[in-house]
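Take a look at the letters that make up each chain.
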Amino acid sequence: AQKVTQAQTEISVVEKEDVTLDCVYETRDTTYYLFWYKQPPSGELVFLIRRNSFDEQNEISGRYSWNFQKSTSSFNFTITASQVVDSAVYFCALKIGRGSTLGRLYFGRGTQLTVWP
Amino acid sequence: GAGVSQSPSNKVTEKGKDVELRCDPISGHTALYWYRQSLGQGLEFLIYFQGNSAPDKSGLPSDRFSAERTGGSVSTLTIQRTQQEDSAVYLCASSLSDNYEQYFGPGTRLTVT
């Protein structure tokens, strides 16, 4: 079975602080994909990043960076120098690479990030 | 380009009535998904269409829920005899193909009174 755990329900930081959102996943498949989505107060889910199970390279995009570690089944997301506009719910998701349920995403419960000015 | 669109944005219905929710995917996307989001259940997968293959209906919570996709594009999610527990935001997403990222629409907020 597939499962995604985001243990942090809520995080509050002050602007300019760095913050890391944790994501731990479970799957027996060797081929899978991991995603992060952002859901701002407006409600629409916004795609941030996709990684496949064969690529453990960390990625940086501006103030965002992602740390993928297969040894610990984790795909953590760090925001550097946080800003008020980063306030949102962040979801980690898993998709397996084969089988009849190929397309569906398994979502974590999300982490509500609040950045105070 | 245009993103995924959904209609209506809000729907209030009485218990026992049928409702239809519509999704227009991004042009050229072959895969289409329905999810629902509620406070108690988080983001739940409902159904997935990929090209001309049989849809994956494994997430539909009961036989009151059904969905179709016409001409490989627009999709309609139908809920018959709505119940209060059906109240949620219904999200549609599309992707180029199975292994690509999914792009979500703004959702339809369904309230069953």
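Below, the structure is looked at part by part. (Residues numbered from 1 in each chain as written. Chains lettered and ligands numbered in written order. Predicted model: local features only at pLDDT ≥ 70, side-chain atom pairs only at ≥ 80, totals over all residues. Heavy atoms only, no water.)

So, about the overall build of chain A. Looking only at helices and strands, chain A features zero helices and twelve strands. Its helices and strands taken in sequence order, chain A reads β-β-β-β-β-β-β-β-β-β-β-β from the N to the C terminus. Here the C-alpha atoms of chain A give a radius of gyration of 14 Å, agreeing with the 13 Å that 2.2 N^0.38 yields for 117 residues. Considered along the principal axes of its C-alpha atoms, chain A spans approximately 45 × 30 × 20 Å. (Helix = DSSP H or I, 4+ residues; strand = E, 2+ residues; numbered from the N terminus. Rg over C-alpha atoms; globule rule 2.2 N^0.38 Å.)

Before going further, it helps to spend a moment on the pattern of salt bridges. Residues and elements named next belong to chain A. For the structure on display, the rule yields seven salt bridges over all chains. The partner of R51 in a salt bridge is D55, with the nearest N and O atoms 3.2 Å apart. Relative accessible area serves as the criterion here: at 7%, R51 is assigned to the buried category. (Salt bridge = Lys/Arg side-chain N within 4 Å of Asp/Glu carboxyl O. Buried < 20%, exposed > 50% of the residue type's maximum accessible area, 1.4 Å probe, protein only.)

In total, this model carries 20 aromatic pairs over all chains according to the counting rule given. Taking the centre distance of 5.9 Å and the plane angle of 65° together, the rings of F47(A) and Y103(B) count as edge-to-face. Note that F47(A) is positioned in strand β6 (residues 46–52) and Y103(B) in strand β9 (residues 103–104), a pairing that runs across two chains. With 5.8 Å between their ring centres and 80° between their planes, F68(A) and F75(A) make a pair best called edge-to-face. For the residue pair F68(A) and F75(A), the accessibility class agrees, reading buried in each case. Among the aromatic side chains, those forming a connected cluster through ring pairs are F35(A), Y37(A), F47(A), F91(A), F107(A), Y33(B), Y35(B), F45(B), Y48(B), Y103(B) and F104(B). The ring of Y100(B) carries R50(A) above its face, with NZ or CZ at 5.3 Å from the centroid. (Phe/Tyr/Trp six-rings, centres within 6.5 Å; stacked < 30°, edge-to-face > 60°. Lys NZ or Arg CZ within 6 Å of the ring centre and 35° of its normal.)

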